[in-house]
Amino acid sequence: MKIFWSSFIKIFFYLLGRPMWLLLLLSVSLMSLVYINGTITNLPIAIVDQDHTPTSRGLIRSLETSSKIDTIIYESSLQAYDDINNRKLFAVITIPRDFEKRLISGEEVTIPAYGDASSRLANGLIQVDIKGIYQQILTEYNTKIMRNNGFSDKQINIILSPIKGQTEPLYNAGISFAAITFPGLLVMLLQHSFLIASTRTNITLNSLPQGKPPKIVVFGSLCGLLPIWLFLSIVLFGLWPWILGYRQLASIPEILIMTFPLLLGALGLSKLLTECLRRTEMIYLTLAFLTTPVFYLSGTIWPIDAMPLWVQCVSYSLPSTWATNMIAGVNQMGLSLSDNWLNIFMILLLGVIYSSLGIFISALREGKVRSIFRKMKTFRYLKMRS
C-alpha cells in the first residue's frame, strides 16, 4: 500500500506541476463560444409586399414577432434575390398581388418563399417559424369565417383543433441545439483526453530502462490521474453549462458518481490500447483520428437505433456512449442515479473486458500463455502416467 500511495502522489503532483490538462478547458471554451448566445436569433430575411393591404401588413407584423427572424422590407424581388445570392439574407418571402382579395374570396393563395438551404440549421429554424405563423393566420381567418356563419367557439375549436397535443421535455435542453449536443461533446473530450494521459502513462512506465515496474506502481500511477479528471468533470458538467445558461440539474456528488465509472472504463480501454500501440508517438497518430467518430457514434447527433446494426455494436462498445446517455439523462431529463444503474454497469463491464483483453495480449506477447498451456499439457501427461 505504501508503494501504491507513493506512485499515486508522484503522478498527481507531476500533473499539477505541468498542468497541460488545462488545455482541455481551453478547448471546450473555444468550441462553446460559438453557442454563447444560447440560440440562433435575428436571421435576416427579405419581405417583398406586392399587395400593400391590411392583411399583408398583418402577415408582416406576425413575421416580425419571431425572435429568430429579422425582417427587412424590399421593394424589388430582384434586389432581394441578388442579396440572398450574396449571402446577405437567409430567405426571401414575396406576398403576391391580390393576396387579401383571394384570401377573402376563398381562392387558393401561394406565398413564394425561397431559402438558403446551404445553412441547414438556420434554414430549418426559419421554415418552422414561417409554417407556424402561416398556420396561426390561417386559423384566425377560418375562425372569423366560421364565427360569421353562426358557429359557436366550442364548435370552432372542435373543428379546427380536434386533437390537443402535449409534449414533455425529456432529452431536451430547452433552449438551443447547442445544449442538446453538449453532453456528448463533453463526454467525448473527457474520455479522449483521459485515454491519451493514461495510455501515455502506461507506455512510459512499461518502457523504463530499468525494466517494467511492479504492477502496484503502474496501478498507483494510473489512479493518480483520477483526481485531475474528476475535477475537470465538475468544471465540464457542472460549472461550464451553468456559465453558458444551459440546463444543469445534477449536483456535484452526482457528477462525480457518474464520471468515476467512465474513468474506470477508460482505464480498462487504455490498457488494451497500450498493448496494441506500444509506442508513445502512436498515441497521437491514432487517437487523434478517433475523436470525431466517437462523438458521432455516441447518439448525440444521430439516433443509435437509426444506425446500421454493426455500427450500433461499435457504438455500444464505447464507454462514452453509455456515459452520454447517463449524463444527459441526469443533467437534462432530471432522472435519478437509480435510473442509470444499467449505464454504470455497462461502463464498468466494458472496462473489465478491455483490461482483460489487454492483459491477455500482454501475456501472449510475453509467452506466458504458451507456458500455461505447456504446464497444463505436462500436468495432463503426468496424470495419465500415474
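Residues numbered from 1 in each chain as written. Predicted model: local features only at pLDDT ≥ 70, side-chain atom pairs only at ≥ 80, totals over all residues. Heavy atoms only, no water.

**Q** Help me understand the overall build of the chain, please; the structure alone is not making it clear to me.
**A** Per the secondary structure count, the chain includes 17 helices and four strands. For the chain, buried positions account for 42% of its 386 residues. Long-range pairs, those at least 24 residues apart, make up 74% of the contacts in the chain between residues at least 6 apart in sequence. For the chain, the accessible area works out to roughly 22500 Å², and carbon and sulfur atoms hold 64% of it. (Helix = DSSP H or I, 4+ residues; strand = E, 2+ residues; numbered from the N terminus. Buried < 20%, exposed > 50% of the residue type's maximum accessible area, 1.4 Å probe, protein only. Contact = heavy atoms within 4.5 Å. Areas by Shrake-Rupley, 256 points an atom, 1.4 Å probe, with all protein chains shown as cover.)

**Q** Which parts of the structure should I look at to understand the nonpolar core?
**A** Nonpolar side chains in soluble globular proteins tend to end up buried together. If you look at the biggest cluster of nonpolar residues, it comprises 66 residues, and the most contacted ones within it are Leu190, Phe194, Leu225 and Trp229. In terms of residue count, helix H8 (residues 177-206) provides more of this core than any other element does, 12 residues in total. In this structure, Leu190 is in contact with Leu24, Trp229, Leu232, Ser233, Leu236, Phe237, Thr259 and Leu262, ignoring residues within four places of it in sequence. Ile60, Ile69, Ile130 and Tyr141 belong to the second-largest nonpolar core, a separate cluster that totals 18 residues. (Core = buried A, V, L, I, M, F, W, Y, C linked by side-chain atoms within 4.5 Å.)

**Q** Even after reading the chapter, I still don't get the confidence of the model for the chain, so can you show me in this structure?
**A** Low pLDDT marks regions whose predicted coordinates should not be analysed in detail. Looking at the chain, the pLDDT average stands at 79 and 87% of residues meet or exceed 70. Mean pLDDT across the elements of the chain bottoms out in helix H17 (residues 368-385) (60) and peaks in helix H14 (residues 309-316) (90). (pLDDT = per-residue confidence, 0-100.)

**Q** Honestly, the packing of aromatic side chains in this entry has me stumped. Any pointers?
**A** Given two aromatic rings, their pairing is described by the distance between the two centres and the angle made by the two planes. By the definition in use, this model includes five aromatic pairs. Judged by centre distance (6.3 Å) and plane angle (35 degrees), the rings of Phe4 and Phe8 are tilted. With Phe4 and Phe8 both in helix H1 (residues 2-17) and four residues apart, this pair spans about one turn of that helix. Arranged with centres 5.5 Å apart and planes meeting at 35 degrees, the rings of Phe4 and Phe219 form a pair that is tilted. With Phe4 in helix H1 and Phe219 in helix H9 (residues 215-223), this residue pair connects regions lying 215 residues apart in the sequence. What links up through ring pairs into an aromatic cluster is the set Phe4, Phe8 and Phe219. (Phe/Tyr/Trp six-rings, centres within 6.5 Å; stacked < 30°, edge-to-face > 60°.)

**Q** Looking at this structure, how should I read the sheet that holds strand S4 (residues 113-115)?
**A** Note on sheets: strands pair through backbone hydrogen bonds, and any given pair is parallel or antiparallel. Strand order in the open sheet made by the four strands is S2-S1-S3-S4, with mixed pairing throughout. Strand pairing shows two members of the sheet lacking a second neighbour, strand S2 (69-74) and S4, which therefore form its edges. The mean inter-strand angle of the sheet, taken between neighbouring strand axes irrespective of direction, is 20 degrees. Sheet analysis places strand S1 (residues 43-49) next to strand S3 (residues 91-95), joined by five bridges and oriented parallel. The residue of S3 that forms the bridge with Ala46 is Val92. Lying over the sheet, helix H3 (residues 54-64) contacts S1, S2 and S3, oriented at roughly 180 degrees with respect to S1. With respect to the sheet, helix H4 (residues 77-85) is in contact with S1, S2, S3 and S4, its orientation differing from that of S3 by roughly 165 degrees. (Pairing = 2+ DSSP bridges. Axes fitted to C-alpha atoms, helices over the stretch in contact; angles between N-to-C directions.)

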